[in-house]
Every structure is written in C-alpha cells, then in structure tokens.
Amino acid sequence: MERRGEGSATLGVGTGYGKAILIGEHFVVHGARGIALGIPKKTTVRVGKAESLRFLFECGDMLKEATRRILKRVAGNTDYEVSVESELQPSAGMGWSASYSVALARAAGKAAGKELTRKEAADAAFEGEKVFHGNPSGIDNTLAAFGGVMLFEKGREAEPLKVGGRFYFVIANSGKKGTTKELVDKVSSLKSSEPTLFGEMMGEEDGLVDGAVTALGEGDAEKLGGLMNENHALLAEMGLSTPIIEEIRKVALENGALGAKITGAGGGGCVLILAPEEGKAKGIAKKLARYSAFEFTVGE
Ligand code: PMV
C-alpha cells in the first residue's frame, strides 16, 4: 500500500513489524499457547493534524473503523490525516493489519505528545484487530509491537524466547487468502461440531509448542522443522491448506527444507519454510521466486 498525495505537516510517525506464526495459529484463538516471530518487514504510519479524519490512501470500512478506534483511544479524538507505507503485502498472513494498527498507535501517541511502551502500543492495536478479525487472539498485534520470538498465550503477558542458534527462514506467498475472520469461524465451527477431535488436536499442538521452545533454545533446526511439518498436518486436517500451499511445500522440501507450514490463517496466504543453512535458504527462495519468496534469519 502506498502513500498518496501531500498532506499537512507530520505530527507523529510510527512503525509496526510483520509477523509469522511458527507454531499454533488458530489454536491460540481457543486458548492454546503459540510461538510467533517478528519478520524484518514493517509498516510505517504518519499522522498530521486535520479538521476531521482524512485518509491519504484508499481504504475500506474496516480499516477506517479500526483507525477511528485507535486514534480515539490513544489521542482522544480522530481529527487527523493518516498515511501509510508498507513493506508487507496485505491479506497474506504476515499480519499487515496488526502492523498498521501498531504503527498508527505509535504515530498517534507521538502526535498527542506521548511515547507508548511496546505493551501500550500492542494493547491499543488490539482494538483495531477486533474490527478486522472479530475474535483475535492478540498474537499478531503483540508481535507487531515487540518483534523477536515470543511465546504467546491469550490473556497472558507474552514471553520472549531464548534462541540458541541461527535459524534460516523463507516465506513464500501462495496468493490471496480468505479473510481471517471467516477462517477463524470455520475452525470455531469444527470445535463446536467435533469437540473431542478438536480437544485432541489442541493437546497435540501444545506438545509441539513445548518441543519448539526446546528446539529454539538448543538451536536444533532439524527438530524445529519436523515440528513445523506436524503443525502443518494439523492445519491441513482442518481444511486450511490449498493446492498451491501444498505445491510450495513440495518444492521447498524437495530442495532441502527441514520444515514448511501454513503461517497465519491459511486458505491461501503464506508458507513459512525452515532451511538448514544460508545457501539452502537462498536456493529455496530462488525456486519459489514466483511466489515472492524472501529469506530472513532469527537468532545469533
Ligand atoms: O490474519 P493472519 O493470517 O495474519 O493470522 C491470524 C492468526 C490466527 O491465529 C488465525 C488468528 C488469531 O487471532 O490468532
């Protein structure tokens, strides 16, 4: 999304990171623990004074409503003009909406003369996430504000995790995904219609989180990759994968990936891939260039 036109003088600028969920999307909505990574791509929001709320970019009703709520909460009124630039693709499962909401909260804070803490920015952005997602877990806005590698559980303070090595990730975008709200509703319906099965899956996911905390701490990429594949199998069982996601996984795994999974709500969107080393990550990203693949590292 691009900034359009020239507005009044900027009063505040804020940024928010994108995120990738390593383990636990959807299950976190129902109270399970999850692990997410901040990715080095950000959204920048600028706010300037205006007579009433004005957007210097094209946006839909949800984004307008989220903006109103965040401005009101942070700055006390909505008389601002807002512009945005982002390195993230919207609706791809990389947390565009959360990165926008965090960036806006920080910009609005500066415009109102206060520097928000990361927790305050995450909490204000949660108001925006409620508009976009209906029943958000809070994982996206937490990562958008904090970055790093975090252990997340709804209603608890997120915990930064120890990373005992360097992990080489690739993200590939399968194309436009369904809305997060519809996909979250789909999983909630499954929970209602098959409570026993869903309970078992939650238990399995919880075990994957424990394994991933250990694997991250020990720098064990092989183990982490295996856990990502197991997490993908759970998500695919719930009908969240697509033929293109499976094709991307196949290409990644045939080219040396240790693991590959849906990241985010699924139904399209992005695939998170773990490679054993830099050269393999570059090779996989090259093979998946038509899916806008890019690499990033986590840890030392
Ligand atoms: O909207 P996405 O694709 O970035 O993913 C949101 C993650 C979910 O677990 C599906 C929803 C949530 O609120 O945690």
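What you see is a predicted model, and the numbers here were worked out from it, not measured in a lab. (Residues numbered from 1 in each chain as written. Predicted model: local features only at pLDDT ≥ 70, side-chain atom pairs only at ≥ 80, totals over all residues. Heavy atoms only, no water.)

Caption draft 1: Geometry of the pattern of salt bridges. For the coordinates displayed, the defined rule picks out 18 salt bridges. Ionic pairing is found between Glu278 and Lys282, a salt bridge with its closest N-O pair at 3.8 Å. With Glu278 and Lys282 both in helix α9 (residues 278-287) and four residues apart, this pair spans about one turn of that helix. Residue class for Glu278 comes out partly exposed when judged on its relative accessible area of 42%. Relative accessible area serves as the criterion here: at 42%, Lys282 is assigned to the partly exposed category. (Salt bridge = Lys/Arg side-chain N within 4 Å of Asp/Glu carboxyl O. Helix = DSSP H or I, 4+ residues; strand = E, 2+ residues; numbered from the N terminus. Buried < 20%, exposed > 50% of the residue type's maximum accessible area, 1.4 Å probe, protein only.)

Caption draft 2: Molecular detail of the packing of aromatic side chains. Using the criterion set out here, one finds six aromatic pairs in the structure. Between Phe169 and Phe296, the ring centres sit 5.6 Å apart and the planes meet at 20 degrees, which makes this aromatic pair stacked. You can see Phe169 sitting in strand β7 (residues 167-173) and its partner Phe296 sitting in strand β10 (residues 294-298), a full 127 residues away along the chain. When sorted by exposure, Phe169 lands in the same class as Phe296, which is buried. Three or more aromatic residues link up through ring pairs in this structure, and these residues are Phe55, Phe57, Trp96 and Tyr100. Taking NZ or CZ as reference, Lys49 lies 4.4 Å from the ring centre of Tyr80, over its face. (Phe/Tyr/Trp six-rings, centres within 6.5 Å; stacked < 30°, edge-to-face > 60°. Lys NZ or Arg CZ within 6 Å of the ring centre and 35° of its normal.)

Caption draft 3: Spatial organisation of the site of the ligand. Taken together, 18 residues lie near the ligand, and Lys19, His26, Ser137, Thr180 and Ala265 sit nearest. Residue Lys19 places a side-chain N or O atom 2.6 Å away from an oxygen atom belonging to the ligand. Ser137 is positioned with one of its side-chain polar atoms (N or O) 2.5 Å from an oxygen atom of the ligand. Protein burial of the ligand: of its 380 Å² of free accessible surface, 97% is covered by the chains. Contributing elements (two or more residues each) for the shell around the ligand: β1 (10-23), α4 (139-146) and α5 (180-193). Classifying every residue of the shell around the ligand by side-chain character gives seven nonpolar, seven polar and four charged. (Near = heavy atom within 4 Å. Polar contact = N/O pair within 3.5 Å; in protein donor to acceptor, adjacent residues only side chain to side chain. Areas by Shrake-Rupley, 256 points an atom, 1.4 Å probe, with all protein chains shown as cover. Nonpolar A, V, L, I, M, F, W, Y, C, P; charged D, E, K, R; others polar.)

Caption draft 4: Region of the structure containing the nonpolar core. Counting 93 residues, the largest nonpolar core has Leu22, Tyr100, Phe169, Ile273 and Leu288 as the members making the most contacts within it. By residue number, the principal contributor to this core is helix α2 (residues 96-111), which donates nine residues. Excluding residues within four positions of it along the chain, Ile273 makes contact with Tyr168, Phe169, Val170, Ala172, Met228, Ile248, Ala252, Ala257, Gly259, Ala260, Ile284 and Leu288. With eight residues, the next largest nonpolar core counts Val28, Ala36, Met150 and Ala158 among its residues. (Core = buried A, V, L, I, M, F, W, Y, C linked by side-chain atoms within 4.5 Å. Contact = heavy atoms within 4.5 Å.)

Caption draft 5: Examining the packing of helix α1 (residues 61-75) against helix α3 (residues 118-133) more closely. Between α1 and α3, the shortest axis-to-axis distance is 8 Å and the interhelical angle comes to 155 degrees. On the basis of their axis angle, the class for α1 and α3 is roughly antiparallel. The two elements α1 and α3 meet at a crossing, and its hand is right-handed. Facing α1, whose interface residues are Met62, Leu63, Glu65, Ala66, Arg69, Ile70, Arg73 and Val74, α3 presents Asp123, Ala124, Ala125, Glu127, Gly128, Val131 and Phe132. (Axes fitted to C-alpha atoms, helices over the stretch in contact; angles between N-to-C directions. Parallel < 35°, antiparallel > 145°, perpendicular 65-115°, else oblique. Left-handed = near helix turned anticlockwise from the far one by under 90°.)

Caption draft 6: Geometry of the pairing of strand β5 (residues 149-153). Most of β5 is tucked away: four of the five residues are buried. Here two bridges tie β5 to strand β6 (residues 159-160), and the two strands are oriented antiparallel to one another. When the sheet's bridge partners are listed, Met150 is paired in β6 with Pro160. Counting the residues between successive antiparallel strands, the hairpin from β5 to β6 contains five residues, one of them, Gly155, with a positive phi of roughly 80 degrees. (Pairing = 2+ DSSP bridges.)

Caption draft 7: Structural view of the confidence of the model for the protein chain. For the protein chain, the average pLDDT comes to 94, and 98% of its residues sit at 70 or higher. Note that residues 1-5 has pLDDT below 50 and, in this model, 17 contacts with residues that lie over four places away or in other chains. (pLDDT = per-residue confidence, 0-100.)

Caption draft 8: Local environment of the side chain of Thr180. Along the chain, Thr180 falls in helix α5. On the basis of relative accessibility, which here comes to 18%, the residue Thr180 falls in the buried class. Sequence-distant contacts of Thr180, defined by excluding residues within four places in its chain, comprise His133 and Ala265.

Caption draft 9: Seen up close, a negative patch on the surface. Taken together, the side chains of Glu200, Glu204, Glu230 and Glu237 define an acidic patch exposed on the protein surface. Among the elements of the structure, α6 (195-218) and α7 (221-237) are those that each provide at least two residues to the negative patch. Relative to the helices and strands, Glu204 is located in helix α6. Overall, Glu204 belongs to the partly exposed group, its relative accessible area being 48%. (Patch = residues over 30% accessible without salt bridge, like charges linked within 9 Å, V, L, I, M, F, W, Y side chains within 5 Å. Lys, Arg positive; Asp, Glu negative; His and termini not counted. Charge placed at Lys NZ, Arg CZ, Asp CG, Glu CD.)

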